[in-house]
Amino acid sequence: MTTPQPVLSLSHVSKSFPGVRALHDVSFTLYPGQVTALIGENGAGKSTIVKILTGIYVPDEGEIVGAGKVQHFASPRDSWAAGIAAIHQETVMFDELSVAENIFMGHMPGGRFIDWRETKSRARELLSRIEADFDADAPLKTLSVAQKHMVEITRALSHDASVIIMDEPTAALSRHEIDELFRIVAQLKAEGRSIIFISHKFDEIFRLSDRWVCLRDGEKVGEGLTSDVTEPELVRLMVGRPIDQVFPKRDIPIGRTVLEVKGLTNATEFADISFSLRKGEILGLYGLVGAGRSEAMQCVFGMSQPTRGSVAMEGVALSIREPIDAIHAGISYVPEDRQDQGAFLPLGIRENITMASLAGHVRNFLLSPLSERMATRALGGRLSVKAAHWEQALGELSGGNQQKVVIAKWLATKPKIIILDEPTKGIDVGSKAAVHDFIGELAEEGLAVILVSSELPEIMGLSDRVIVMHEGRIAAQFERGKGTGAAAWSAEAIVAAATGGPMQEHAA
Ligand SMILES: Nc1ncnc2c1ncn2[C@@H]1O[C@H](COP(=O)(O)OP(=O)(O)OP(=O)(O)O)[C@@H](O)[C@H]1O
Ligand SMILES: [Mg+2]
């Protein structure tokens, strides 16, 4: 077999930020028609590589070699011109504009005198190539996250990019949408494009990639063919030690009922949601993306108003009009979407962690910086937040570490009930175990936990009870270790309830 000509190489690249060595002497090569998985823990340097390849950051040392010569990317425009396109961890698109405008932003057909007819027809042609099911005229804001990803891919195609980078593209996608994305990736591969794929999900890495490159603390610690490696080997490389990925379920006495939700309904997203929650209990809320789980929980937290139904806390009916009412009642909600909800990127880690619980840090009518710092250190340390220091701006942290800070913020409010929406999305294997352990500890301390997750092993590993939602309604309930047949505590029965069908084979 002859080795194909490389598309692009990173050669001895280093990049530091104040107090952090984000990348040190990293080299690797991309080949046409291959998917390269870039793996590593939160803060390992993956997104920094993406930003260097796309001209957002300039490396301190080292170079990018493409088309047989050293490339200097002083801006995203240069990298784009060299045929590199990226779908970033944080999407940068224009919600108010149409799909076509987003695709051709910065390179509209017709130049200064935009040829709208041409813009639209070329957008349609590209969208049909990836079999998109929306129109070029649609405003971007009407699209789902998955469809927005497709717009970004189309944007890359519009430029005939030879390197396409996807930084955790599947984090917000449903299983069906992931299949769709993978189909498109296979097509891009067949067209000879080179793809960098970043994910914390091993099943995806093994399904999709031809090669892998592993980073740890900004250094490359290994690379090779995906067919030659196993998951435990990759985990050990990423974390530097073997990780026990089993979920130890703590045996916790379950106390009295704290929350009682009855018949909660809103106009379109969910109907007749009734359940109770007890002290020390972990209640899993499982379902496919789009089943209405987050919407129902956001309603309990006061982010929207139900058309019908009631919420009672310790026997007393609550009137929750906005989140502050829920917080006062002792309910906290950790949102799934860390970019839009819950995180204040320009503020420091300490301010983010303590902002929802400031009253707890008042001593003699004054905010106590010492008390705030202690709480920050305790929670940040417990969740292994990786940062240069606790005053560092949240926006400077890696994606997964931002997520951990948002979790810490809501834990600092010392709630009675905590609703965790996809708490380990975007979180690496090592930290995931820390988050799981922490959830168990919270229950042990008497908190009642609602765990919304699309990951079945996580739900089954941690929950005492599981409620399954399907198309906005509760489809089934399961109790740990109990039941038989369709009501049995089994992966098959839970998945069957979530898909609304008869028992189906469970894809692990
Ligand atoms: N603008 C910046 N200022 C300061 N530090 C930064 C900046 N950007 C990144 N860093 C730091 O560089 C390191 C690498 O971050 P990077 O975002 O590349 O991690 P990552 O591998 O993408 O992690 P994740 O899986 O959490 O997304 C982190 O310690 C991060 O805090
Ligand atoms: Mg990242």
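Residues numbered from 1 in each chain as written. Chains lettered and ligands numbered in written order. Predicted model: local features only at pLDDT ≥ 70, side-chain atom pairs only at ≥ 80, totals over all residues. Heavy atoms only, no water.

1. Structural notes on the domain arrangement of the protein
- The assigned domain composition of the protein is domain 1 (8-239), domain 2 (249-330 + 415-501) and domain 3 (344-413).
- For domain 1 versus domain 3, the distance between C-alpha centres works out to 31 Å.
- Tallying the contact residues gives 7 residues for domain 1 and 8 residues for domain 3.
- Ranking the residues of domain 1 by area buried against domain 3 places Val20, Asn42 and Gly43 at the top, with a combined share of 64%. (Domains from an automatic or database assignment. Contact = heavy atoms within 4.5 Å. Buried area = accessible area lost by both parts, 1.4 Å probe.)

2. Some points on the pairing of strand E2 (residues 20-30)
- Note: strand E1 (residues 8-17) against E2, 7 bridges, orientation antiparallel. Note that in E2 the partner of Ser9 across the bridge is Thr29.
- Counting the residues between successive antiparallel strands, the hairpin from E1 to E2 contains 2 residues, one of them, Gly19, with a positive phi of roughly 80°. (Pairing = 2+ DSSP bridges. Helix = DSSP H or I, 4+ residues; strand = E, 2+ residues; numbered from the N terminus.)

3. Regarding the site of ligand 1
- Surveying the vicinity of ligand 1 reveals 23 residues, the closest of which are Gly43, Lys46, Thr48, Ser398 and Gly400.
- In this structure, Lys46 approaches ligand 1 through a side-chain N or O atom, which is 2.7 Å from an oxygen atom.
- Taking Tyr57, its side chain carries an N or O atom lying 3.1 Å from a nitrogen atom of ligand 1.
- In isolation ligand 1 exposes 640 Å². Once the protein is present, 93% of that is buried.
- Residue assignment places the shell around ligand 1 across two domains, with domain 1 (8-239) and domain 3 (344-413) each supplying three or more. (Near = heavy atom within 4 Å. Polar contact = N/O pair within 3.5 Å; in protein donor to acceptor, adjacent residues only side chain to side chain. Areas by Shrake-Rupley, 256 points an atom, 1.4 Å probe, with all protein chains shown as cover.)

4. Topic: the sheet that holds strand E21 (residues 465-470)
- Taken in spatial order, the 6 strands of this open sheet run E16-E19-E20-E13-E21-E22, and their pairing is mixed. The open sheet has two edge strands with one neighbour each: strand E16 (331-334) and strand E22 (473-479). Taking the axes of each pair of neighbouring strands and ignoring which way they run, one obtains an average angle of 15° across the sheet.
- Pairing between E21 and E22: 6 bridges, direction antiparallel. Bridging across to E22, Met469 finds its partner in Ile474.
- Relative to the sheet, helix H14 (residues 429-444) contacts strand E13 (282-286), strand E19 (417-421) and strand E20 (448-452), its axis offset from that of E13 by approximately 130°. (Axes fitted to C-alpha atoms, helices over the stretch in contact; angles between N-to-C directions.)

5. Examining the nonpolar core
- In this structure, Leu259, Phe275, Met297, Ile331, Ile417 and Ile419 are the most contacted members of the largest nonpolar core, which totals 59 residues.
- If you count residues domain by domain, this core takes at least three from each of domain 2 (249-330 + 415-501) and domain 3 (344-413).
- Filtering out sequence-adjacent residues up to four positions away, Ile417 remains in contact with Val258, Leu259, Leu277, Met313, Gly330, Ile331, Ser332 and Ala448. (Core = buried A, V, L, I, M, F, W, Y, C linked by side-chain atoms within 4.5 Å. Buried < 20%, exposed > 50% of the residue type's maximum accessible area, 1.4 Å probe, protein only.)

6. Quick word on the pairing of E16
- Here E16 shows a buried face lined by Ile331 and Tyr333 and a second buried face lined by Ser332 and Val334.
- In this structure, E16 lies alongside E19, joined through 4 bridges in parallel fashion. Bridge pairing in E19 places Val334 opposite Leu420.

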